[in-house]
Amino acid sequence: MAHFAKLGLGNKVLAVQVVHNNELLVDGVENEQAGIDFLNNLHKTNDLWVQTSYNTYGGVHQLGETPFRKNYAGKGYKYDQTRDAFIPPKPSYSSWILNEGTCQWEAPVAKPDDGKKYNWNELTISWDLV
C-alpha cells in the first residue's frame, strides 16, 4: 500500500491517506503523480499530496529498502521541499536542533544509554534521571 500526505498552508501535513499500489501504476511502473491524481479525483479536489513511506524513519528504511523522504509523514509534520523530507513538529524545547541527516529533532546533549529512564531538563540543558 502507498501512503500520501495531504498538505495545507506552509506544507503542514493535515492527514495521511492510504492508496492501493495498483492506483499508482502507469505502464506497470509506480508513479507518484498517478496516486495524486487518484486522490484528487476521489475527493473531487485539487489538493496538494506528497507520497510518504510508512517504513522510513530518520532516513532509514526499516525493511532495508531505499529510504524515502526521511520520515513517514504524520499529522502536524511539515514537508520541506528543499530537503525533500518530512520533519516532525519541534518539541517544546528551544535548545533542540534539527539533525540534517535524519530530519529528526535532537537534544544538544546525548541521552544516556544505560537502560534507565530520563526526562529532558530544558533549564539545565541536561537529562534528569526519572
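Look above for the structure.
Residues numbered from 1 in each chain as written. Predicted model: local features only at pLDDT ≥ 70, side-chain atom pairs only at ≥ 80, totals over all residues. Heavy atoms only, no water.

Asks: Go over the nonpolar core, please, and point to the residues and values.
Replies: Judged by nonpolar contacts, Ala5, Leu7, Val13, Val50, Ala73, Tyr77, Tyr79 and Phe86 together constitute the single largest core of eight residues. Those residues in contact with tyrosine 79, other than ones at most four positions away along the chain, are Leu7, Asn11, Val50, Arg69, Asp84, Ala85 and Phe86. (Core = buried A, V, L, I, M, F, W, Y, C linked by side-chain atoms within 4.5 Å. Buried < 20%, exposed > 50% of the residue type's maximum accessible area, 1.4 Å probe, protein only. Contact = heavy atoms within 4.5 Å.)

Asks: So, the side chain of asparagine 40: which residues are in play, and what are the values?
Replies: Summarising the element assignment, asparagine 40 is placed in helix H1 (residues 32-43). For asparagine 40, a relative accessible area of 8% translates into the label buried. Within the structure, the side chain of asparagine 40 is placed 2.8 Å from the backbone nitrogen of aspartate 47, a separation counted as a polar contact. In this structure the side chain of asparagine 40 is engaged in a polar contact, spanning 3.2 Å, whose partner is the side chain of tryptophan 49. (Helix = DSSP H or I, 4+ residues; strand = E, 2+ residues; numbered from the N terminus. Polar contact = N/O pair within 3.5 Å; in protein donor to acceptor, adjacent residues only side chain to side chain.)

Asks: Lay out the side chain of asparagine 11 with the relevant residues and their values.
Replies: Structurally, asparagine 11 can be placed in the loop between strand E1 (2-7) and strand E2 (13-19). Residue classification places asparagine 11 among the buried residues on the basis of a relative accessible area of 16%. Discounting chain neighbours no more than four positions away, the residues touching asparagine 11 are Leu48, Tyr77, Lys78, Tyr79 and Gln81.

Asks: Requested: an account of the pairing of strand E5 (residues 48-52), with residues and values cited.
Replies: Buried residues dominate E5, accounting for four of its five residues. Here five bridges tie E1 to E5, and the two strands are oriented antiparallel to one another. Paired with histidine 3 across the bridge in E5 is threonine 52. (Pairing = 2+ DSSP bridges.)

Asks: An account of the pattern of salt bridges is needed here, citing residue identities and associated values.
Replies: Considering all chains together, one arrives at five salt bridges under this definition. Notably, a salt bridge pairs lysine 6 with aspartate 47, separated by 3.4 Å at the nearest N-O pair. Here the residue lysine 6 occupies a position in strand E1, and aspartate 47 occupies one in the loop between H1 and E5, the gap between them amounting to 41 residues. Under the relative-accessibility criterion, lysine 6 is labelled partly exposed at 25%. Residue aspartate 47 is classed as partly exposed on the basis of its relative accessible area, which comes to 24%. The salt bridge partner of arginine 69 is aspartate 84, with a shortest N-O separation of 2.7 Å. Placement of the pair is arginine 69 in the loop between strand E7 (60-61) and strand E8 (78-80) and aspartate 84 in the loop between E8 and strand E9 (85-87), with a sequence separation of 15 residues. (Salt bridge = Lys/Arg side-chain N within 4 Å of Asp/Glu carboxyl O.)

Function cannot be read off these values alone, since they describe shape.
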